[in-house]
Amino acid sequence: MPESHAANPALLSVRGLFFARDEQPVFGPLAFEVEPGEALLVQGDNGAGKTTLLRVLAGLLRADAGEVGIAGSHADHRARSRHVAYLGHSPALKADLSAEQNLRFLCGLHGSRPERDISQSLARVGLAGHDDALARQLSAGQKKRLSLARLWLSPAPLWLLDEPYANLDLDGIALVNALVSEHLAEGGAALVTTHGAYAAPPVRTRMLQLSNPNAAART
Ligand SMILES: Nc1ncnc2c1ncn2[C@@H]1O[C@H](COP(=O)(O)OP(=O)(O)OP(=O)(O)O)[C@@H](O)[C@H]1O
């Protein structure tokens, strides 16, 4: 088990987090905590700021104000990337590398759990036998499954999942829920964005509702 799964009550703690674009507020100030074993479902309409929030928490965007603590300590950009696994809208895959090469590259970049290996991860997400398939030859759902394999290999205790159900069939939706449930049972935590109630992890879940006051004016 990764060391960060251990002691502290709140895996993620957010205080006064505020983000604006062109001086227009997108979200916040927000304050919430996510404990080990907990999933926070982030809901909101198109443009409400869900992706922006996850990108800020992943350290990919800088907030205008506020603090983010991970496992009890202030997390700067770099520290955050070690503790956090981010599954974005589009899969971060290299088109001309195989499924196996993509996972090897990502594990080299972000680390991996020593007790798990790449072929196990492909089997876990229903891609057994696809080791040598190039990423560009995979369907959208298969690409999402490959990203889920990466997640399963990740040592990060905090998962940030942006629309993890997109492009997945029913079996894939059940797979996401199973992976999240297992992760939480091991003391991890997850933030999951979704537009509605069509899918959600069947686990201890709280809700964070976002609404961007500028969204209507911009659409
Ligand atoms: N790269 C960008 N440059 C400028 N504005 C952006 C950019 N990305 C997002 N926005 C704006 O920021 C606001 C929040 O966008 P965000 O993608 O976080 O919303 P969301 O809740 O994830 O939406 P969706 O449900 O459609 O995925 C929107 O008004 C959007 O137009």
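For clarity, every value in this text was computed on a predicted model and none was experimentally measured. (Residues numbered from 1 in each chain as written. Predicted model: local features only at pLDDT ≥ 70, side-chain atom pairs only at ≥ 80, totals over all residues.)

Looking at the overall build of the protein chain
Here is step 1: Each helix and strand counted, the protein chain has seven helices and nine strands in total.
Here is step 2: Contacts spanning at least 24 positions in sequence make up 73% of the contacts within the protein chain whose residues lie at least 6 apart. (Helix = DSSP H or I, 4+ residues; strand = E, 2+ residues; numbered from the N terminus. Contact = placed C-beta atoms within 7 Å.)

What about unusual backbone geometry?
Here is step 1: In this chain, G28 is followed by P29 through a cis amide linkage whose omega measures 5°.
Here is step 2: Here P29 shows up in strand β2 (residues 24-34).
Here is step 3: Look at D22: it is not a glycine, yet its phi comes out positive at around 50°.
Here is step 4: The phi angle at E163 is positive, at roughly 50°, despite the residue not being glycine.
Here is step 5: Secondary-structure assignment places E163 in the loop between β7 (158-162) and α6 (170-185).

Looking at the confidence of the model for the protein chain
Here is step 1: When pLDDT is averaged across the protein chain, the result is 87; 86% of the residues are at 70 or more.
Here is step 2: When the elements of the protein chain are averaged for pLDDT, helix α7 (residues 215-218) gives the smallest value, 45, and helix α4 (residues 118-124) the largest, 98.
Here is step 3: Low pLDDT (under 50) marks residues 1-6, which in the prediction has 12 contacts with non-local residues, meaning those over four places away or in another chain.
Here is step 4: Quick note on the complex model: pTM equals 0.89, ipTM equals 0.96. (pLDDT = per-residue confidence, 0-100.)

What to know about the site of the ligand
Here is step 1: Within the structure, the ligand sits among 14 residues, and N46, G47, K50, T51 and T52 are positioned closest to it.
Here is step 2: Put simply, the parts of the chain that give the shell around the ligand at least two residues each are α1 (50-57) and α7.
Here is step 3: Top contributing element to the shell around the ligand by residue count: α1, with three residues.
Here is step 4: Broken down by class, the residue content of the shell around the ligand amounts to three nonpolar, eight polar and three charged. (Near = placed C-beta within 6 Å. Nonpolar A, V, L, I, M, F, W, Y, C, P; charged D, E, K, R; others polar.)

Remarks on the nonpolar core
Where a protein is soluble and globular, its nonpolar side chains tend to be buried together.
Here is step 1: Of all hydrophobic cores here, the largest spans 57 residues; its most connected members are L57, A149, L158, L160, A190 and L191.
Here is step 2: The biggest single contributor to this core is helix α5 (residues 140-153), with six residues.
Here is step 3: Setting aside residues no more than four positions away along its own chain, L57 makes contact with V68, V84, L160 and L191. (Core = buried A, V, L, I, M, F, W, Y, C linked by C-beta atoms within 7 Å. Buried ≥ 20, exposed ≤ 12 C-beta atoms within 10 Å, placed from the backbone.)

Side note on α1
Here is step 1: Among the residues making up α1, those that are buried are K50, L53, L54, V56 and L57. Across the axial projection of α1, the buried residues extend over an arc of 160°, all falling on one side.
Here is step 2: Where α1 ends, the next residue or the one after it, G59, has phi of about 85°, a positive value. (Arc of directions from axis to C-beta.)

A word on helix α3 (residues 99-110)
Here is step 1: Over its 12 residues, α3 runs 16 Å from end to end, which matches the ideal 16 Å to within 8%, given 1.5 Å per residue.
Here is step 2: Among the residues of α3, A99, N102, L103 and L106 are the ones counted as buried. All buried residues of α3 project into a common sector of 95° when viewed along the axis, lining one side.
Here is step 3: Lining the buried residues of α3 we find α4 and α5. (Expected span 1.5 Å × (residues − 1).)

Some points on the sheet that holds strand β4 (residues 65-70)
Here is step 1: Strands sit in the order β2-β1-β4-β5 across an open sheet of four strands; the sheet is antiparallel. In the strand order of this sheet, the two ends are held by β2 and β5 (73-74), each with one partner.
Here is step 2: Sheet topology places strand β1 (residues 12-21) next to β2; seven bridges connect them, and they run antiparallel. Following the sheet pairing, A20 is matched in β2 by P25. (Pairing = 2+ DSSP bridges.)

Section: the packing of α3 against α5
Here is step 1: Where α3 contacts α5, the axes come no closer than 10 Å and their chain directions differ by 40°. Classified by chirality, the crossing of α5 by α3 is right-handed. Residue-level contacts link A99, N102, L103, L106 and C107 of α3 to L146, A149, R150 and L153 of α5.
Here is step 2: When the residues that make up the contact of α3 with α5 are grouped by side-chain class, the tally is seven nonpolar, one polar and one charged. (Axes fitted to C-alpha atoms, helices over the stretch in contact; angles between N-to-C directions. Left-handed = near helix turned anticlockwise from the far one by under 90°.)

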